[in-house]
Each structure stands twice: as C-alpha cells, then as structure tokens.
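Residue-level structure breakdown
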Amino acid sequence: HCGKMACDSPLVSNLPPSSFRSSSQLSSSHAPGFAKLNRREGAGGWSPLTSDRYQWLEVDLGERTRITAVATQGRYGSSDWQTSYLLMFSDTGHNWKQYRQEDSRGFFPGNSNADSVVQYKLQQPAIARFLRLIPLDWNPSGRIGLRLETYGCPYTSDVVSFDGGSSGLVFRFSPGLRRTSREVVSLKFKTVRNAGTLLHAEGEGGLSLSLELERGKLQLLFRQGGTSPSEPRRLASLGSLLDDQHWHHVVLERRSSHLNLTVDKHTERVQIPAEFNHWDIKQKPVISKRSFHGCLENLLYNGLNLLERAKHNDQQVTLMGNVTFSCTEPVSVAVTFHGPQSFLQLPGAAASSSGGVAVGLQLRTWNKAGLLLTFDLPQHGGVVWLYLSEARLRLQIHKAGRVLLELSAGSALNDGQWHSVELNSRGGRLTIAVDKGEGGCPAEGDSQGCRNPFNVFQGCMRLLTVENQNVDLIMVQQKQLGNYSNLQIDMCGIIDRCSPSRCEHGGRCSQSWTVFHCNCSDSGYSGATCHSSVYQQSCEAYKHNGNTSGHFYIDVDGSGPIKPQLVYCNMTEENTWMVIQHNNTDLTRVRPSPGVNQHLVHFAYSTEEQQLSAAISQSEHCEQELFYHCRKSRLLNTPEGTPFSWWLGGPGSGRIQTYWGGAQPGSQQCACGLQGDCVDPQHYCNCDADRTEWAEDSGLLVHKESLPVRSLVLGDIQRPGSEAAYRVGPLRCHGDKNFWNAAFFDKETSYLHFPTFHGELSADISFLFKTTASSGVFLENLGIKDFIRIELSSSTQVLFSFDVGNGPLEVRVDSSIPLNDNRWHRVRAERNVKEASLRLDELPAATQEAPADGHFHLQLNSQLFIGGTASRQKGFRGCIRSLQLNGVTLDLEERAKITPGVRPGCPGHCSSYGSLCQNQGRCVERANGFQCDCGLSAYTGVFCHTEVSAIFKSGTSVSYTFKEPYELIRNSSTLPSSIYSDMTLRGENVSLSFRTNQSPALLLYISSYYREYLALLINKHGEELEVRYKLDSSRDAEVLRSRVRSLANGQLHTVSIRRLTDSVSVQVTTHKHTPAVQCHSQHLLISTDNLARLAALGFTGCLSVVHFNSISPLKAALLHPDTSPVVITGPLVQSNCGSPASANPYAAENTHHLSDQSGSVGSGQPLVNAIRTDSALIGGVIAVVIFVLVTGLAITARFLYRRKETYRNQDVKGVKQEDSPDFPFNNQTDSQTVSSENRKEYFI
C-alpha cells in the first residue's frame, strides 16, 4: 500500500503507444496512442472511425495499480469531444467491470470543449491493470475526440490460486502467541464458482466457525461437532453475485462477544453463540481442505501476512495441494443484454447431413420472462423459439401461425445464478436441458392458450456454442462475425439491487433486471421501501381518528427503528389511557418459606424495552398502582434505617427505589406518611406499625423516570405470623406530547429554524396544518444544489418538491375542498430511492418515480426552516402541529417560546374533530384536543356513541318527573332554555330501541292530567307496531300502524316518532333485514283501561337509548339515579343489549297527517293555570318504564299535541272543558271529512 504518501501520480503520460488499444481509429494520426492529456502529437488525440456508442479506448497500465482519479480532454484544436462516458476496469483485459459511483450512477460528465480538462475523483479507488473508457455522448456538431490521464499509485499484493480440489492453506497458532480480545482476519478473493469454503476455524469439542460461499452469497456458519454433526447455524449472510470473477474484500473481526463481518462496503454485526465465547483454537485452517476454486489476495491475521509467510515456508503456515502464487483465472467472454434494443445475430451452422441442430449457452438474469433465441428449421420449415416464461425454459415450434410443439424445462431460472441451457435436435428427437438435467417433455395444458412468449431478454449470456463450436464474441464485437446492437460484450452487467436490501423494517426484496420491489406485508410498514408505519404513534392519535377503546398497535417512533407494539387504549375517560400489561397484575399472597429471607418477583411487560421507554417518554403522564397488604410484615421501616422492602423501576432492569405508591421519590415513605394519617404516627407506612390486624399501603407511582416497576423485593415475610399480599398494576399513560406539539406563525416573515435534516436515502415528513391563508411554505431545507420543500401552493393544492442531483422533481395533491378553512389537514410526504409520494388527509397518494440510474443521496447543509424560507419570502401564516421527520418529533413549542412572530401551541380543535361527537354530543375545546359532552345525548362514551340499555323484568319500573315551569324559571340551570322557550309544544321527537319476545307489549305511554296520551305498543295480532295519539280527552285515539310485522322476534328494532304540528312520521328500523308485509285493518278498540291492563302485564326485554326531545330518562336512571328526578322500582340491569346485531339495517318510514275537522276547539285556559302532575308511561305501568311528565314542561294538559295556530284563533268565552268539541285534524292525504266517532287507522 502507499502508506501516507499521496496517491495521485499521473499513470498514462509515460506509457508507450503499445499500451493503448481502441475499437477503431479515424486514421493513423487519430490512433489511440495519441490520447494523452495536453499532448498535441498526431491529430491531437484519438478519434474512432465512426462515432457511436460501441467505441472504446483502452489503456494497459502494465500491472495492477491503485487508480484514484480520471481526467479527460477533447481532441486538440477540433470540435471533437465527448460530453459523457462510462469507465470500465479489468485485471486481464477481459471480464470488464463498470465503475459506479456510490449512488449507482454509471456515467461520468465529460467535456464541453476541446481543450479544458475535466477531472473526476473516484469516490472509491479502483484497483486494476486495464482501463477502458466508452463515450456515451459527444459534441453533436463534431465527433468523438479524446485525450485522457489517470492518477494513482502502485499497488502491491500477495496472491495465491487454489484449484478447488484438495488445495488449501493451514495456519497454526504458535504456543507462545498470546490471544487478544480482538482478532481480525482480512482478505480479498475472486472466483467463478458460486460455492466453496473460504475460512474455517475449529475450537474444542468440535465447535467450528466457517465462512462459505453459497449461491454467490457469503455465509457465516456455526457448527457444533460431536459424534453426529448437526446442521450448521447461519449467523450472517452478506454479499451477492460474488462469483462474478471480480475481487471482493472480506473482513471478519471478533470483539469479545460479537463478530463483525464485512463484505465489500457492507457490515453485519452478530452475537457469538454462548458456547463459542471461550473456545480454545487448536488450529486455524484459514482455507478448508477443499472446494474453493479461485484466488486470494493479502490474507492477514491480526496484521500477519500469511501468504508472505507461506512463500517463505513459515512453519506456522502449511500449503496443501495444487497452489500457485499468482492468479490464474479462466477467460469466458460474457455478453449483457440491457433492454429492448439489445440483440445478437449469429450465422447458422451449415446444414449437416442429419439435419440436426445443437445450441448451448449459459444465462444469468432476474427476469421471469424473455426471448433467448430463435432460428429457422431449414428442412421442415417452421421457426424455433426458445424463451423464458414464469422463470422456466420453454421451447415452441411455429409453422404457418400454428404451434406444432411445446416443451419446457427447469424452474426458478431468474435467481441471478448462472444456468446452462442446451438444445439438441437429432434424428427427429428434440431435447432441451437446463443445468444438465433432462428436459423435453411437452408442456402441460393447451399450448394455444400460452402467454405471448416474445418478451425481451435482459440478462447475461456466456459460453455460447453452435454445433458444439464456441462462438467467439470478441470477433462479434469487432464486427467480424454476425451482427449485434446495444450489447455490452466481455462483461456481465448484472446488479443485485437487493444486496444490500433497500427494503426497511424487514420488508422482503425481489427484483427484475431494472428495478427492485419491496413486499411489506406483515411488516407493519408501507411504501415503496417499507419506510412509513401503517400504525398511529399513540392512543391519542387513534382517538382523533374516531376510534373507540380496544387493542391497537402503536408505533411510537413512526418510521424509526422501534417496532410497533400492541397496547390497550382506554378511551372511556376524559383522558385517553394507554395500558401496557405485565405478567402478574393480580393480588398475590406471600407466605413465609423456610430458609427464604426475601421474596423476589420480576415483572415481564408485553412490549420490548425500546418500545416501553419510548412510550413512557412520549406520554405526558404515566402511573402504576402499587399495593401492599400486610399483617406483621413491615415495609420500609424508618426513614433512617435500611428498608425491609424495595422495588426496582426505570429503564433497563431498573434502579432501586425506596419509596412506596403515593409518596415522593427518595422519601422512604408511603402515602400515609406524606398525608400524615398513618395508623402509628411514629412510622411513615401503615405496615411498619407491625400489627396483627391486616393493614394496607397503596398508591400511585407517578414519577416517570422510575417507571415501569421491574421487580419487587419483599423482606419482612419470614417471621412466624407474617403474611402479606402485593399487587402491581399495569402501566398506564395518557397524553401524547408529540401529537399536540404546535406553533402558530402570525407573520409571513416569521419562521423557526432547526439543525439540517439528514434523510439521505429515505425521508418521511408528516405534520398537520390549519390556516386561512391561500399559500405559504411549510418547510424548506437547502443544500449546495439539492433541496427539499413542502408548501401550500394554492388554497386547494399542496406541493412537495426536491432535488437530489437529477434536477427538481415535484409531487402535488389537489383537494376538492379549500385547505384554508381553518381546520386541521394532515400532510405526509416520503422520498426514497424508488419514488416520492405525497398524501393529503385521506385523498389518494400522488407518486413520482425516481430515475432508474440517477443520483439518490439527498445532501443538505443549510438549516431546516419551518413555516418560512431562508429568503423570508412566501412564509406560512397559521398553525403547524405534530411535525415529524423520519419519526422524530421537532419540538416546535420550545423553539417558538424564544422566537419572535411565532407563538407556542394552537387552540381550536372542535372545527376539525367536532364531527366525531355523535348523537347530539357537544364538542368542548381543551388546550390539547377536545372532549365530547354527552349531557344532551341519550348515548354515552367518548364520542357519545355507546348505547345506554337496560334489561327489564316484569316487575321493573322507572318514573321520571319533570320540574314544573316556575321551578324551571327559578332554577334555570336544571335544563337548557330551549326546552321551555316556547310554552306551547308544537311537536316532539321520541326515539327508543327495543328487543323483546313479548306481544302484546306497551313500549311507550305519555299521559297528561287531562287524560290525553301518546301510546306506542306491539299488538298481539301480527306483532305490529302501533302508535296511538289521543289529543283530546273527548275524542278517540288516532292509530298509526306499521306494516313491518313480527317485531316481537328478539331482534333489535329502533323506533323514532317525529311530530310537527299535525304531521307525524314514524320510522321503524329493523337491524336484521325484514321484508315489509301488508296487513288488513283490524278495528281492535283498546280503551284506556285496556292500555292499563296491557301495561300491567309488564314488559320483559331490552330498552335502549330512550330519548324524549332533549331528555334521556333511561340514561338518567342508569347513570345518574341520585341526581335525577327518577324513581326506580324492581331490578334494572344495565346491559349492552341495545347494540345492533347487524350493520345493514332495513328502514321503513312513512309520514301521515292527523285528521282535521271544522268546528271550535277546546277551552283556552292559559298554560300557567294548567299545572298539574301529568304522567307519561313507556313500556308498561308499574311494569317497565314510567315517565311522569309535568304539564308545565311545554307539554300541558289539553294542549299536549295542539297546533299553536289553532289555539291562537279559538274563542274561549263560556266553553267548559267537558263540553269541548272534538280536536280538529287535517288529513292532507284524504280531503273527505271523516266522522269523529270512528277511530282513525293508518298503516306505516
């Protein structure tokens, strides 16, 4: 190696002309030997005969050399220069390897004129003897013209060849050699075989480690010996396509308990199996006795050059078998088919007497399909097609548009390995063979239905034979044999895009010749590279998506390395709790065991360590209950003495904590000591009083730094009579510091700045914003040329733009609704090596593919600007919240506190989340988030979505009494003013759900002091629903009857009755599809006495979400019986019997108008004089639910369902209540007058 010396000497300027070769030359004065930088001999450089992409200039440096830079120039005094080119390197002048920059760009920028020098420094030095430059583009008004120089320094190495038989090298430790805690073996190898053992180290007891090539990958294998050797355990697998006959660098390093394996530039770290930690190496055969066929270079063990020692016959190093100290390698010329324009045409062999055909080749590809070769059958006519389909080899013979024959052989030929293919036709028998295996059976199935076989082949071929003669591909390259287009000859350009895999989070990588694909299923992540988490980061985030309590996966760091974890989210309280269980949350008795002084218990949590600590630090508050029940079992003793018991809490295995639940850290006290109410004032814990009665010390641990509780040590349990029990509750946390972290930008020129964003290969950015402005930049970070920016480009468009060196790319999402509506909108942008994507709210993602062979490292160097730009132009006005870059939340609030023009926090969430409050729930703002107030709803739960239901027995009753009007006026906080703002009730909304098998059954009954009523019942005949309105004591009831039958079938049914003046609509929703059945009118008269008898039967079943205008009597009885005007008789059991059985309800709705007649209306007493106790009954008097309505609650005696207009026009003089005529109804569906003596019936 060059040591400390600079490796930048010119390598080409002193070479003789014989060291230069080229594909062609324009004339002898344009010969390749003139292509030296800054020289003017000859025509001033090299120019080929024709300018196309098949030309090349080759330089032989004489020996393997370290090359660090390349410089190019055009031809002197001409208009000939190339604008871009490829670089190839080789040790032998064959089997070229294209030099690629780190981010996989294959081409180099060239010149823009004939004289200026463009130098390119190689990111990784190349070591080679031969260099080949291939011009890709040139000056359009000239031709290819080139002068070049390469820079570097000599490269020295020791090389050895093994022939794959019994050859090998054994290194034995000398007895005096001291073993160190760090051992390093390094080497380079090259081979054409895809299998073989590189290193093998043995220890005591048959234990061994070996480094083996398998299918072109390097595997680190661990074996346990013994009499029957077990299957090897694979510790690591690295590299790919290592049989490409190019040098690969391997380092195996042992550091105490782990190994680092490096192949080329990629390292994998593995734990050494425990059995292997103290191995005693008797011998270290560095190369196994057989199977590796290839060359090794610079084999070092802890700095000792083993190959040099082998040359000098060192006693520690033994060579076996056929070994030479040079690299002898076979020459096989490969050809690469890159794409649609690639083809190779070869002359067919002279037709032999037998008329047979023999073709052979080896291929290597990632694609499942592609045409390999085709030729005419001269004697029989017809065309042979040999192709890959579904990764199998298939052969078809076509003649006159028909398929005469189809054969198939092989499988999984797209695995990137070399496969041999042979086709033979002799004496009327046609065979195809793959990897020497017999093929030739006709393929199954109808050959006519096969897929189009003529896909383009992309891959490598070598060892082509026609009639058992090798095809000379170098002659093909020199245009002396056959014809070709768009081929790379004398190299295999296969790239393994899955090694190393760009798929993150365990996504599985697969590939074709041009692209790779990540399968993210079961990983918990999504996107082109499985980068973004599909789960929310906290229970709080799930709640704001409208989810209710349940088990959820949360991914605390989004796209970061921490895996998702399953937790329980409890959303029933004001705070949203995340609950993480451990293996023992029960109350556990501890009894003395002989000889045991301490009881130790460990708690194992359901999530991993990283997940646990991240979840705790992200939460605003965490707590864990700690209980100790004791009888003659002391807990902490005195503050001065050593405690009997303690617990360990915090990260890892935890630190010792000597305080108990409810007390302060380090206090060595229990909750009663802090509050001063311990049973013995001399002690700080109840248990420390050491009494024979049971006592208890319990409380919450809330100090986040000492959570969770990892283990518990109980010390005072061994004395006679000592008894104790402990309980450690689950870890509970609420609040998400990241989810609500927000800043408000009130000026276009204001911004926050943070350190440079590093997302070189994959970057994801997510945040929420709300604004009234129509444009502004959310985020910007600049580099020298690269940049990344997200902005609101118009009131309906978000734009994500960036440049990684291939020119700016833009991804945009358009919204159909304005985004400046001052509601929260979510933006998620992601950029990786495959594509860029942008998501806005729940709209479909917009994506933009990355160029296949472009730059893909995003290199930024300026500060990251939030809410503005470096130029202070086009800043954002509004709120940005929960801003995360690659899973890490930026603390906007902390930075906003010290930045003028930016305020921490951002209020006003109901405009965005208020729609989550259902069933008349009211959204209430909180500093961080919102809450649903279910006071006016018949439902309960976090979003007022949980049905309040009860099971009724025949002896259950609930009565609800409304306050009288003057009480309402005195105590106006009892009910909202809307209920009594209009003392005449023009209508009402009544709804309930029920489930019963009983018929007849009374579901609802409202009666007034004046014996007017509304009744809702299931009749016995047909089990139909009947609604009875009696709106005047002197008139018969009107009956509305449902056409839906069999309602007493145990299914859940919902009824809602809406009346506005004289129009009544009744809706019956059956939560299981029930067809509507027509039924005949049954004149079954039920008097009020009949109703009372029906009610007396009781109601057995379920009632749910009973609602009358804004009152929810059943909810009041179940949830607030002490503060509500309810009387409950008999057993009332809360239940979830009201949750729907089916999500696909069948609904029937009809609207009817109550009949109207001419004539005067009943007495017009003022409402305030009509205050009496009126009663309403639902579900059966003294049977199920009785609602007692007081007249004054806007539903008064005789005017319970009276239209206000009619009441205004009536003449009140001298009309007695008993003599009041029939209540008039207006039947808009039937204009004829109906006699008031008859009951009215309607079918719904």
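Residues numbered from 1 in each chain as written. Predicted model: local features only at pLDDT ≥ 70, side-chain atom pairs only at ≥ 80, totals over all residues. Heavy atoms only, no water.

**Considering the UniProt feature "domain: EGF-like" (unreviewed entry) in the chain**
Where we set the bar: UniProt positions are given in the numbering used here, feature names are shortened, and annotations may be inferred rather than shown by experiment. Secondary structure counts use DSSP, requiring at least four H or I residues in a row for a helix and at least two E residues in a row for a strand, with both numbered from the N terminus.
According to UniProt, the positions carrying the feature "domain: EGF-like" (unreviewed entry) are residues 494-531 and 907-945. Secondary structure content for residues 494-531 is 0% helix and 26% strand, and the end C-alpha separation is 26 Å. Secondary structure across residues 907-945 comprises 10% helix and 26% strand; the distance between its end C-alpha atoms is 25 Å.

**Describing the state of the cysteines**
Defined as follows: Pairs of cysteine sulfur atoms within 2.5 Å are identified as disulfides in what follows. Residue exposure (1.4 Å probe, protein chains only): buried if accessible area is under 20% of the type maximum, exposed if over 50%, otherwise partly exposed.
Using the criterion set out here, one finds 16 disulfides in the structure. Sulfur-sulfur distance for the disulfide between cysteine 498 and cysteine 509 comes to 1.9 Å. Where cysteine 498 bonds to cysteine 509 through sulfur, the torsion about that S-S bond is close to -75°, and the disulfide is left-handed. Taken as a pair, cysteine 498 in the loop between β36 (487-489) and β37 (508-511) and cysteine 509 in strand β37 lie far apart in primary sequence, 11 residues in all. Under the relative-accessibility criterion, cysteine 509 is labelled partly exposed at 24%. Between the sulfur atoms of cysteine 917 and its disulfide mate cysteine 932 the distance is 2.0 Å. Taking the sign of the S-S torsion, -85° for the link of cysteine 917 and cysteine 932, the bridge is left-handed.

**Remarks on the environment of tyrosine 155**
How we decide: Polar contact is defined as a pair of N or O atoms within 3.5 Å, subject to the rule that within protein one atom must be able to donate a hydrogen and the other to accept it, and that residues adjacent in sequence are counted only when both atoms are side-chain atoms.
With respect to the helices, strands and loops of the structure, tyrosine 155 is situated in the loop between β8 (147-154) and β9 (159-163). On the basis of relative accessibility, which here comes to 8%, the residue tyrosine 155 falls in the buried class. Within the structure, tyrosine 155 has its side chain in polar contact with the side chain of glutamate 297 (distance 2.6 Å).

**Concerning the side chain of aspartate 680**
Quick note on the threshold: Positive charges come from Lys and Arg, negative ones from Asp and Glu, while His and the chain ends are left out of the count. We define a salt bridge as a contact between a side-chain nitrogen of Lys or Arg and a carboxyl oxygen of Asp or Glu at a distance within 4 Å. Contacts are residue-level and defined by heavy atoms, with any inter-residue pair within 4.5 Å sufficient.
You can see aspartate 680 is positioned in the loop between α5 (671-675) and β49 (695-701). Although aspartate 680 is buried, it forms no salt bridge, and the closest oppositely charged side chain is arginine 691 at an N-O distance of 5.1 Å. If sequence neighbours within four positions are ignored, aspartate 680 has contacts with Ala689 and Arg691.

**Remarks on the sheet that holds strand β59 (residues 809-814)**
For clarity, the threshold we go by: Two strands are counted as paired when DSSP detects at least two bridges linking them. Axis lines are fitted to C-alpha atoms, over the contacting stretch for helices. Their N-to-C directions set the angle, which ranges from 0 to 180 degrees.
With antiparallel pairing, the six strands of this open sheet are ordered in space as β54-β63-β56-β57-β58-β59. Of all strands in the sheet, those with a lone pairing partner are β54 (752-754) and β59, marking the two edges. Neighbour to neighbour, the strand axes of the sheet diverge by 15° on average, direction disregarded.

**Here's the deal with the environment of phenylalanine 767**
With respect to the helices and strands, phenylalanine 767 occurs in strand β55 (residues 763-770). Residue phenylalanine 767 is classed as buried on the basis of its relative accessible area of 1%. Setting aside its immediate chain neighbours within four residues, phenylalanine 767 contacts Phe778, Ile790, His825, Arg826, Val827, Ile880, Arg881, Ser882 and Leu883.

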